[in-house]
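Descriptive analysis of the structure
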Amino acid sequence: MKLKNMILGAALAMSLTATAQDNVITVNTAKPGAPVQPTMYGIFFEDINFAADGGLYGELVKNRSFEFTPDHLLGWQAFGKVEILDDGPFDKNPHYARLRTMGHGDWWTGLVNEGFFGIGVERDKEYRFSVYARVPDGGTQMLRVQLIEPYTQEEHQEFTQADIKVTSRDWQKYTVVLKSRKTAPKAQLRLFLCNENGRSGSGVMDVEHVSLFPVDTWKGHENGMRRDLAQALADMKPGVFRFPGGCIVEGVTLENRYQWKNSVGPVENRPQNKNRWESTFTYRYYPDYFQSYGLGFYEFFLLSEEIGSEPLPVLNVGMACQYQNWNNESAHAPATEEGLKEYIDDCLDLIEFANGSTDTKWGKLRADMGHPEPFNMKLLGIGNEQWDEFYFKRVRIVADAVRKAHPEIKIIGTSGPDSEGHNFEIGWEAMKRQKADLVDEHFYRPISWFKNEWQRYDRYDRTGPKVFAGEYACHDRGKKWNHAGASIYEAAFITGIERNADVVHMATYAPLFSHVDGWQWRPDMIWYDNLRVAKSASYWVQALFAQNKGTNVLPITNSNFPRKGEDGVLASAVWDGETGEYIVKVANTFGEAKTVSIVLQGLKQAAEAKAITLDLSNYDGENTVDNPHLIEPRESAVQVSGNTISTTVPAKTFVVYKVKK
Ligand code: AHR
């Protein structure tokens, strides 16, 4: 009797404590729900904001193949006698530079490359310089290779130098490793034509595909990626890796679209393409923004594998960009099987490239590039951000052809650029009719939108295609740049994605990368200059979800779920079958602290618990390359009393609670 009373008393006390809290989050641990898809919380790579050349791609030389148009010397400063010729050794990149001596010992011929907003090098680090060269008139000529700081008060502009002797009349590749004697974020590369004694003599040399890479790239690949940027991706533990865009898939015109076949094979012969973002915004205008395709589909598949993500290529559906450019029939390929043949072939050949055996044409190319094993591609996006009948009729033809040949591939369609309204709705209807496996929806929206959408995915049809929240980011009205004040709403919104794990199978924030000197679009997830990196507050939100995604969603009740348009304490919970943890995520979007009880119903006593806290209360705060650690998660122990955590979640703060069973 006494014992019974004690238990009743304890239960009463507990429920009193619980109801006194602003929010009681009750997690039903006995009923693990839908599996959290392994593809959850991924990344979306697009070459916008100098994300590829000048960003993730390790190449430090701009316009290395002299193919930028209309000025083939864009990015180069030529001095002396320099000519551009077009019968070079690489048929798809035929231009090269001919250097001819000036005929006087004190007059020099050569080239200076400015890099991407300069060339970033670090003291004592090694850089691999390579060039294709020949001496067409015979004899011996020397190429003096220098890292320089042109604007310096020091005696010498050059701080590192090496000489390459060229004796062959035929094109040959020459390589030299330079050890930088200085750290310089905005160095340049200078090439002098000289005779064997290092003087300006007489003679001619042709140079092509002039390249400079850090030796220390991600995983040491020679055609590699910037280690710090690739590491930032790997650290997130992203479930899916979507590439190569974005509007870049579509192009300003169809000729300008991303053509994956141009991005594979030897790098020297991957034809250049004008980046579609070079002229999109005249207030951020970059006439020197091209795609070398050095970071191409092979590299994307390899990176996906190396960071443990599911690869998700997106291909063009025979349509130029509707959103940013013209939207009429004449901008697109004819909507017939014949008119779309090239696009259908691109899909089928890509599947062969990724998965085909090494005795197929494209499978063999993959093997020749160094990966005989298949990449095991399972997902294919057809069209980016397209809408209306223009799209519906084309995607049907392309998707049917893919399905017929490869029923094992999941097809991702799109609901266009709108997150609601007529075009969005007819887009979803069409995708349902066409039985797309997933629908890619995009929402770059203000805080007010996010506050209206707390229950967005609770309402979704459970029988139709699954959701891919393929591009999204939050900003405040009129404030389109990174600030923690917006990131807290991303965290709160994503709890709704997580609670609906049965319907939302993938989600990727966008855009991913941005060079501080060369951006076109904000906010972005990771910022960098030539040597430094800053992971934004939004990066940490994404990382915390991805690193703690668990294996099954757990049903929760929230005693004080916010109304549409209001701030709130939003939560989601998962069970992680691999680590034996209950993981509860709580985001407080209020401007003041809130008391919260997390009751793990069905659990008697937790073994231990910790909290990972991301303080986003500094509204204007953000990590920058000068101050990269302002906003970062920090870990602390948490008291669990029986099955309950009674805590206070500070204003504008996101917390991940991890409780060991
Ligand atoms: O992420 C920037 C752009 O936003 C993407 O290229 C496009 O899909 C969307 O309009």
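Each value, and the rule that gives it
Residues numbered from 1 in each chain as written. Predicted model: local features only at pLDDT ≥ 70, side-chain atom pairs only at ≥ 80, totals over all residues. Heavy atoms only, no water. Axes fitted to C-alpha atoms, helices over the stretch in contact; angles between N-to-C directions. Helix = DSSP H or I, 4+ residues; strand = E, 2+ residues; numbered from the N terminus. Parallel < 35°, antiparallel > 145°, perpendicular 65-115°, else oblique. Left-handed = near helix turned anticlockwise from the far one by under 90°. Contact = heavy atoms within 4.5 Å. Nonpolar A, V, L, I, M, F, W, Y, C, P; charged D, E, K, R; others polar. Domains from an automatic or database assignment. Buried area = accessible area lost by both parts, 1.4 Å probe. Salt bridge = Lys/Arg side-chain N within 4 Å of Asp/Glu carboxyl O. Polar contact = N/O pair within 3.5 Å; in protein donor to acceptor, adjacent residues only side chain to side chain. Buried < 20%, exposed > 50% of the residue type's maximum accessible area, 1.4 Å probe, protein only.

1. Structural notes on the packing of helix 4 (residues 297-306) against helix 5 (residues 341-355)
Running from amino to carboxyl end, helix 4 crosses helix 5 at an angle of 50 degrees, the nearest separation of the two axes being 11 Å. Here helix 4 lies oblique to helix 5, going by the angle between them. Like other packed secondary-structure pairs, helix 4 and helix 5 cross with a definite hand, here right-handed. Listed contacts from helix 5 to Phe-297, Tyr-298 and Phe-301 of helix 4 are Leu-350, Phe-353 and Ala-354. For the contact of helix 4 with helix 5, the per-class residue count stands at six nonpolar, no polar and no charged.

2. Here's the deal with the domain arrangement of the protein
Segmenting the protein into domains produces domain 1 (20-35 + 555-660), domain 2 (41-58 + 219-549) and domain 3 (76-214). The C-alpha-based centres of domain 2 and domain 3 are spaced at 37 Å. Domain 2 puts 21 residues into the contact, and the matching count from domain 3 is 23 residues. Of the roughly 1,700 Å² buried between domain 2 and domain 3 on both sides combined, carbon and sulfur atoms contribute 57%. For domain 2, the biggest contributors to the area lost against domain 3 are Glu-268, Asn-269 and Leu-531; these three give 38% of the whole. Along the contact surface separating domain 2 from domain 3 lie one salt bridge. Residue Lys-186 pairs with Asp-517 through a salt bridge whose shortest N-O separation is 2.9 Å. In this assembly, domain 2 and domain 3 are joined by 10 residue pairs in polar contact (both at pLDDT 80 or more). Classifying every residue of the side of domain 2 that touches domain 3 by side-chain character gives six nonpolar, nine polar and six charged.

3. Let's talk about unusual backbone geometry
For the bond running from Phe-243 to Pro-244, omega is 0 degrees, close enough to zero to count as cis. Among the secondary structure elements, Pro-244 is positioned in the loop between strand 14 (240-243) and helix 3 (247-250). Omega for the peptide link from Arg-522 to Pro-523 comes to -5 degrees, which places this bond in the cis form. On the secondary structure map, Pro-523 appears in the loop between strand 23 (513-515) and strand 24 (526-528). One non-glycine residue, Tyr-41, lies in the positive phi region at around 55 degrees. Residue classification places Tyr-41 among the buried residues on the basis of a relative accessible area of 1%. Here Tyr-293, not a glycine, exhibits a phi torsion of approximately 60 degrees, which is positive. The exposure class assigned to Tyr-293 is buried, which follows from its relative accessible area of 3%.

4. Some details on the packing of helix 5 against helix 6 (residues 361-368)
Between helix 5 and helix 6, the least distance of the axes is 7 Å, while the angle of their chain directions is 40 degrees. Comparing the axis directions of helix 5 and helix 6 gives the class oblique. Relative to helix 6, helix 5 is oriented so that their crossing is right-handed. Between helix 5, through Asp-349, Glu-352, Phe-353, Ala-354 and Asn-355, and helix 6, the contact on the second element is made entirely by Lys-361, Trp-362, Gly-363, Leu-365 and Arg-366. Tallied by class, the residues present in the contact of helix 5 with helix 6 amount to four nonpolar, two polar and four charged.

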